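# Examination of the molecular architecture
The primary structure of each chain is shown beneath.
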Amino acid sequence: MNNLNGPIPTSICNLNNLDILLLHQNLLSGQIPQEIGRLGSLTNLMLSSNNLTGSIPASLCNITNLNMLYCFKNQLSGTIPDDIGKLSVVTDIGLSTNYLTGPIPASLCNLTNLIKLHIFENQLSGTIPRDIGRLRSLTYFHLRANNLVGSILLGLSQNELSGEIPQEFGELKKLESLNLSHNKISGSIPSSFNEMLSLTTFDVSYNELTGLVPSIKASKDAPIGALKNNSGLCVKKLHSSDEDSEIVDLKSFESEVQALTEIRHKNIAKLFGFCSSVERQISFLIYEFVERGSLKKILCDGEQAVEFDWVKRTGFIKGTADALAYMHHECVPAIVHRDISSNNVLLDLEYEARVSDFGTARILKPDSSNWTSLAGTYGYVDPELAYTTKVTEKCDVYSFGVLLLEVLHGRHPSEIITLLSPALHLSLSSISSSTSNSVLGKNNITLVDILDHCVGAPTDVVKNEITYIVKVGLSCLHGDPRTRPTMQQVSTELSAQSRPSFGKPFETITLPDLLMGNS
């Protein structure tokens, strides 16, 4: 049905033996008939996606055989009937996206057979009933998050609910996803959440919550966007690829965090601050939400990897270089990230780079030797650092070189770096055609061979761009940190408006050609 309009006829309520009434997705207007309660045999009532107005008739609560009640996406107002608890066999209630006001009726918690509850996007107020824990079969289908279809969850988002989250939520052992966002809920997230072992996702953003997010699977998987805009919620810093969360100890690092919160650059994720607990001896970093997530996530997602075309990839590389150049050369004192990797550089909706995760960052102090313990992600760490453990900006330069090749290759370039390692550890002045052939043998891998084959062939203009980008990237990987360029030099080179032709057809350029081009 798609074209029905006008009011629902009162005479339809005389069909005493009617079992199912499906009037959803029409243009029906006016009020739900007050006589609707006469349909005592009704099991399914679907009035969603219409233009119905007025309140939900109290008589509807007399249809005690009702299994499914869907009235979402209308213009219904007034309160949810107090007697809704009389619908003892109902499994699905959908009242979302209306103008309903008032509290959640306490009697709703009598619906122990309730599986799906849709009451988000209304103007409900008051507190969440403490008997909510009685709804132990509860499932909730959120229309705006299709990936949650079939999940066991509760959605109360986008209302005006206040008060605290009841401890009784811990009794909902089957709950898989919970959405309390865009309300006025205060206090802390109850410790009983630690008992909700089935909870995998939850959203409590845009409330007035304080305290620590429970250390459960849902908090490990939750993006910062699901927790943001609360008055004092403390968040663990998580690595998206790790199964276990990493607790960042910011003791003796507080002045550095203060400096990091003052960074202003379009290619650096905003660090809002940190939350520290002296009693627990732990601290947490709090960042802005970056929509597409990490570079690693994009490259591992076939559809998004294709969408991440050559123009976007070269722009991403340049943005990352600009961010590091800013940290090294425009921040006073300079800041070294120490953990540039595909997990820690994020992408926004436009595939622009956002350097993030400053948990291991260090401020370079001119009057200090800047020695430190080894930090970073395996496969991106400067090999020299393993021997010297002295932090310099050249640590980030090496990691950037690895990241640059990963963006173009579509995966971590470990095999490429291993192949080139002997030549990369030669002094630049000694690299020549003869030495590169002797070091690399006859396995002169071409530039085309290392490019991600899920993306179409680059245009001629982009081919020239890629050639010089790889040339710069290889210079960043040189074994001797002193011979690597600075990130300021890298940024300047990558942002050049015009470049001369490399002198060979793109398809015949080899990586040794580009290494020799660095001399």
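Keep in mind it's a predicted model, so treat the numbers as computed, not measured. (Residues numbered from 1 in each chain as written. Predicted model: local features only at pLDDT ≥ 70, side-chain atom pairs only at ≥ 80, totals over all residues. Heavy atoms only, no water.)

## Remarks on the overall build of the protein
Using the following cut-off: Runs of H or I in DSSP of at least four residues are treated as helices and runs of E of at least two as strands, each being numbered from the N terminus. A 1.4 Å probe rolled over the protein chains alone gives each residue an accessible area, and that area as a share of the maximum for its type sets the label: buried under 20%, exposed over 50%, partly exposed in between. Contacts between residues were defined by any pair of non-hydrogen atoms, one from each residue, lying within 4.5 Å. Only the protein chains shown count as cover for residues, and all accessible areas are computed by the Shrake-Rupley method using a 1.4 Å probe.
Scanning the protein from N- to C-terminus turns up 13 helices and 24 strands. Expressed as a percentage of its 519 residues, the buried residues of the protein come to 52%. Looking at the protein alone, contacts between residues at least 24 apart form 57% of all its contacts between residues at least 6 apart. Surface accessibility of the protein: about 22700 Å² in total, with carbon and sulfur atoms responsible for 50%.

## Observations concerning the sheet that holds strand β3 (residues 27-31)
For clarity, the cut-off: Each pair of strands is called paired provided DSSP finds at least two bridges between the two strands.
Spatially, 3 strands are ordered β1-β3-β5 in an open sheet, and the strand pairing comes out parallel. Edge positions in the sheet fall to β1 (5-6) and β5 (51-53), since each has one partner strand and no second.

## Comments concerning the sheet that holds strand β22 (residues 345-347)
With antiparallel pairing, the 3 strands of this open sheet are ordered in space as β20-β22-β23. Each edge of the open sheet is held by one strand with a lone partner, namely β20 (293-294) and β23 (353-355). In this sheet, β22 lies alongside β20 in antiparallel orientation, the contact comprising 2 bridges. Directly across from S294, in β22, lies its bridge partner L346.

## Focus on the confidence of the model for the protein
Parts of the model with low pLDDT should not have their predicted coordinates read in detail. To be explicit about the condition: Known as pLDDT, the predictor's confidence for each residue is given on a scale from 0 to 100.
The predicted model of the protein averages 81 in pLDDT, with 78% of residues at 70 or higher. Note that residues 141-153 has pLDDT below 50 and, in this model, 35 contacts with residues that lie over four places away or in other chains. Confidence drops under pLDDT 50 across residues 367-374; counting only partners more than four residues distant or on other chains, this segment forms 19 contacts.

## Section: the packing of helix α5 (residues 310-329) against helix α7 (residues 394-409)
Short version of the rule: For helices, the fitted line uses only the C-alpha atoms of the stretch in contact; every axis is such a line through C-alpha atoms, and the angle between N-to-C directions lies from 0 to 180 degrees. Note that the term roughly parallel is reserved for angles under 35 degrees, roughly antiparallel for angles over 145, roughly perpendicular for angles of 65 to 115, and oblique for everything else. Each residue is assigned to one class: nonpolar for Ala, Val, Leu, Ile, Met, Phe, Trp, Tyr, Cys and Pro, charged for Asp, Glu, Lys and Arg, and polar for all the others, Gly among them.
Two elements in contact, α5 and α7, have axes separated by 10 Å at closest approach and are oriented at 170°. When the interaxial angle is binned, α5 and α7 end up roughly antiparallel. Together, W310, R313, F316, I317, T320, A321, L324 and H328 of α5 and D396, F400, L403, L404, V407 and L408 of α7 make up the contact between the two elements. Within the contact of α5 with α7, the residues separate by chemical class into 10 nonpolar, 2 polar and 2 charged.

## Remarks on the packing of aromatic side chains
Just so we agree on the cut-off: Classification of ring pairs uses Phe, Tyr and Trp, with its six-membered ring standing for Trp, and accepts pairs whose centres are within 6.5 Å; under 30 degrees between planes counts as stacked, over 60 as edge-to-face, and the remaining range as tilted. Placement of a positive charge over a ring is assigned whenever Lys NZ or Arg CZ falls within 6 Å of the ring centre and within 35 degrees of the normal to the ring plane.
For the coordinates displayed, the defined rule picks out 5 aromatic pairs. Centroid distance Y70 to F72: 5.3 Å. Interplanar angle 65°. Geometry classified as edge-to-face. The two residues Y70 and F72 agree in class, both being buried. When the centroid spacing of 6.1 Å and the interplanar angle of 50° are considered together, the rings of F169 and F193 count as tilted. Taken as a pair, F169 in the loop between β12 (160-164) and β13 (177-179) and F193 in the loop between β14 (184-188) and β15 (201-203) lie far apart in primary sequence, 24 residues in all. Neither residue differs from the other here; F169 and F193 are each classed as buried. What links up through ring pairs into an aromatic cluster is the set F308, F316 and Y351. Across the ring face of W310, the terminal group of R313 is positioned such that the distance to the ring centre comes to 5.4 Å.

## Quick look at the environment of L161
Among the secondary structure elements, L161 is positioned in strand β12. Distance in space between the C-alpha atoms of L161 and S181 is 9.8 Å, their sequence separation being 20 residues.

## Digging into the pattern of salt bridges
Let me state the cut-off plainly: Put simply, a salt bridge is a Lys or Arg side-chain nitrogen that is within 4 Å of an Asp or Glu carboxyl oxygen.
Counted according to the given criterion, the structure contains 15 salt bridges. Taking the shortest distance from any N to any O, the salt bridge between E493 and R499 comes out at 3.7 Å. Here E493 falls in the partly exposed class, since its relative accessible area comes to 31%. Connected through shared salt-bridge partners, K318, E465, E493 and R499 make up one network.

## Digging into unusual backbone geometry
The bulk of non-glycine residues show a negative phi, and the bulk of peptide bonds are trans. In this model, V332 is joined to P333 through a cis peptide bond whose omega is -5°. Turning to its location among the elements, P333 is positioned in the loop between α5 and β21 (335-336). Even without being glycine, K73 reaches a positive phi, approximately 60°. Among the structural elements, K73 can be located in the loop between β6 (68-70) and β7 (92-94). Judged by relative accessible area, which is 42%, K73 ranks as partly exposed. Phi is positive for Y206, which is not a glycine, with a value near 55°. Mapped onto the elements, Y206 comes out in the loop between β15 and β16 (208-212). We classify Y206 as partly exposed; its relative accessible area is 32%.

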